Amino acid sequence: MDSELARWKAEQDKNPFLQDLYRKEKIILMARIMEKVEKDRIPSNTLLAFLSMLFCCFCIGFMALGSSVRAKECKMKKQYYGARIHASRAKRWAIAAILAGLCIYGFCGVHVFRVGYR
């Protein structure tokens, strides 16, 4: 096995075509590895968007849910840059919905506490 590797290395050093081929194969392999890593890292934030739509502010949560669905579509089409953009947008919309829901519920709670429930 070592002799075959040494022979391949010697041929590669002599032949520039084999050197170029080896570099191209290495680049393709690295691209495939990076594609898999990027694909695994992109969250779609669907659960966060759905819960913010259901429990907090419906309108803003619906925008978050739409962005998360777009992120999933881009991920399925292997458009990882677009998927990352839509996923971050969905996260921002979901956080905005949660904050809006907290403000609305806080205002209603203060209003009921001050005025009283009749």
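Analysis parameters
- Residues numbered from 1 in each chain as written.
- Predicted model: local features only at pLDDT ≥ 70, side-chain atom pairs only at ≥ 80, totals over all residues.
- Heavy atoms only, no water.
- Helix = DSSP H or I, 4+ residues; strand = E, 2+ residues; numbered from the N terminus.
- Contact = heavy atoms within 4.5 Å.
- Areas by Shrake-Rupley, 256 points an atom, 1.4 Å probe, with all protein chains shown as cover.
- Core = buried A, V, L, I, M, F, W, Y, C linked by side-chain atoms within 4.5 Å.
- Buried < 20%, exposed > 50% of the residue type's maximum accessible area, 1.4 Å probe, protein only.
- Axes fitted to C-alpha atoms, helices over the stretch in contact; angles between N-to-C directions.
- Parallel < 35°, antiparallel > 145°, perpendicular 65-115°, else oblique.
- Left-handed = near helix turned anticlockwise from the far one by under 90°.
- Nonpolar A, V, L, I, M, F, W, Y, C, P; charged D, E, K, R; others polar.
- Phe/Tyr/Trp six-rings, centres within 6.5 Å; stacked < 30°, edge-to-face > 60°.

A. Spotlight on the overall build of the protein chain. Of the regular secondary structure elements, the protein chain holds five helices and zero strands. In the protein chain, the order of α-helices and β-strands from amino to carboxyl end is α-α-α-α-α. Look at the contacts in the protein chain between residues 6 or more apart in sequence, and 59% of them connect residues 24 or more apart. Accessible surface for the protein chain amounts to roughly 9,400 Å². Of this, 67% is attributable to carbon and sulfur atoms.

B. The nonpolar core, seen in detail. By size, the foremost hydrophobic cluster in this structure holds six residues: I42, A71, C74, Y80, A83 and A87. When residues of this core are traced back to their parent elements, those giving at least two are helix 4 (58-76) and helix 5 (80-115). Top contributing element to this core by residue count: helix 5, with three residues. In contact with I42, other than residues within four places in its own chain, are K75, Y80, A83, R84 and A87. Judged by nonpolar contacts, the second largest core, of five residues, contains A49, M53, A64 and L65.

C. Representation of the packing of helix 4 against helix 5. Two elements in contact, helix 4 and helix 5, have axes whose closest approach is 7 Å; the angle formed by their N-to-C orientations is 165 degrees. Here helix 5 runs roughly antiparallel to helix 4, going by the angle between their axes. Classified by chirality, the crossing of helix 5 by helix 4 is left-handed. When helix 4 is examined against helix 5, the residues I60, G61, M63, A64, S67, S68, R70, A71, C74 and K75 are found in contact with a partner set consisting of Y80, G82, A83, H86, A87, R89, A90, W93, A94, A96, A97 and A100. Class assignment for the residues of the contact of helix 4 with helix 5 results in 14 nonpolar, five polar and three charged.

D. Molecular detail of the environment of A100. Its location among the elements puts A100 in helix 5. The spatial distance from the C-alpha of A100 to the C-alpha of F58 is 9.9 Å, given a sequence separation of 42 residues. With residues up to four places along the chain from it excluded, the contact list for A100 reads C57 and I60.

E. Examining the packing of aromatic side chains more closely. Taken as a whole and assessed by the stated rule, the structure comprises one aromatic pair. Taken together, a centroid distance of 6.1 Å and an interplanar angle of 25 degrees make the contact between F58 and F62 stacked. In this pair, F58 and F62 are both assigned in helix 4, four residues apart and thus about one turn of the helix distant.

These figures capture arrangement, not role.
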